[in-house]
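Remarks on the overall topology
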Amino acid sequence: MLGDVAGALAADFRRLVDEAGDGKTGVWLAPSADGGTSALLLRPARAIAFRFGPASAARHREAAREARIAYHELPLPSLAIDLDQPEDLSAFLATSGGGTRTRALLESLRTAKSPERSAP
C-alpha cells in the first residue's frame, strides 16, 4: 500500500487480503485511476520485483506474466485515487472516502492555496 492513497478504507484492504486467501500464490493488485498501483499483495513476498511509477499496473501485470505467476487485478473504489498530481486533490475531495483528519487537512490546504483566497 502506498502512502499517497488518502481515501483508503479498511473494507477494501480486507477484500484484497480475502481475495488472496490462505496458501494461494500470485499477485493481487488494486490499480489507481491513472494506471498506477495503489496496493500490491504478493505471495510469496518476492514473487515479482516492484515496478512502481507511471503505468505501474501494466508493468506489474507484465512482471507476473514473465514470472508465470497468477495475476489478479481488483478495482477497489477507495484505492482508485492516489495523490500524484494537483488535480488528484480535487478528485479525492469529491469522494466520501478517507479519514476525517486527512480530509480536513487536505481541504484546508486546498482552501489556503485557492487563487481567490490569496487576492488582496
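Our subject is the structure that appears above.
All figures in this text were calculated on a predicted structure; none of them were measured in a lab.

1. Considering the side chain of serine 78
When you line up the elements, serine 78 lands in the loop between β3 (71-73) and α3 (86-93). When its relative accessible area of 10% is taken as the criterion, serine 78 is described as buried. Within the local environment of serine 78, its side chain forms a polar contact with the backbone nitrogen of leucine 9, the two atoms lying 3.0 Å apart. If sequence neighbours within four positions are ignored, serine 78 has contacts with Val5, Gly7, Ala8, Leu9 and Asp12.

2. Here we look at the pairing of strand β2 (residues 37-43)
Burial analysis of β2 places six of its seven residues in the buried class, the great majority of the element. Note that strand β1 (residues 26-31) and β2 share six bridges and pair antiparallel. Across the sheet, the residue bridging to proline 31 is threonine 37, located in β2. Where β1 folds back onto β2 in an antiparallel hairpin, the turn is made up of five residues, including glycine 35, whose phi is positive at roughly 90°.

3. Regarding the sheet that holds β3
Reading across from one edge, β2-β1-β3 is the order of the three strands in this open sheet, with mixed pairing throughout. Each of the sheet's edge strands pairs with one partner strand only, and the pair in question is β2 and β3. On average, adjacent strands in this sheet sit at an angle of 15° to one another, irrespective of strand direction. Contacts from helix α2 (residues 56-67) reach β1, β2 and β3, with the element oriented near 155° to β3.

4. Quick look at the packing of aromatic side chains
The tally for this structure, following the rule as stated, stands at one aromatic pair. Where phenylalanine 50 meets phenylalanine 52, the ring centres are 5.5 Å apart and the plane angle is 45°; that geometry is what we call tilted. Residue phenylalanine 52 is classed as partly exposed on the basis of its relative accessible area, which comes to 36%.

5. Quick word on the environment of alanine 70
With respect to the helices and strands, alanine 70 occurs in the loop between α2 and β3. A relative accessible area of 36% means that alanine 70 is categorised as partly exposed. Taking C-alpha positions, alanine 70 is 9.9 Å from arginine 43, a pair spaced 27 residues apart along the chain.

6. Description of unusual backbone geometry
For residues other than glycine, phi is negative in most cases, and the peptide bonds are mostly trans. In this chain, arginine 43 is followed by proline 44 through a cis amide linkage whose omega measures 0°. Note that proline 44 resides in the loop between β2 and α2. The residue alanine 55 is not glycine, and still its phi comes out positive at about 55°. Looking at where alanine 55 falls in the secondary structure, it is placed in the loop between β2 and α2. The exposure class assigned to alanine 55 is partly exposed, which follows from its relative accessible area of 41%. Positive phi outside glycine occurs at arginine 68, with the angle close to 55°.

Calculation notes
Residues numbered from 1 in each chain as written. Predicted model: local features only at pLDDT ≥ 70, side-chain atom pairs only at ≥ 80, totals over all residues. Heavy atoms only, no water. Helix = DSSP H or I, 4+ residues; strand = E, 2+ residues; numbered from the N terminus. Buried < 20%, exposed > 50% of the residue type's maximum accessible area, 1.4 Å probe, protein only. Polar contact = N/O pair within 3.5 Å; in protein donor to acceptor, adjacent residues only side chain to side chain. Contact = heavy atoms within 4.5 Å. Pairing = 2+ DSSP bridges. Axes fitted to C-alpha atoms, helices over the stretch in contact; angles between N-to-C directions. Phe/Tyr/Trp six-rings, centres within 6.5 Å; stacked < 30°, edge-to-face > 60°.

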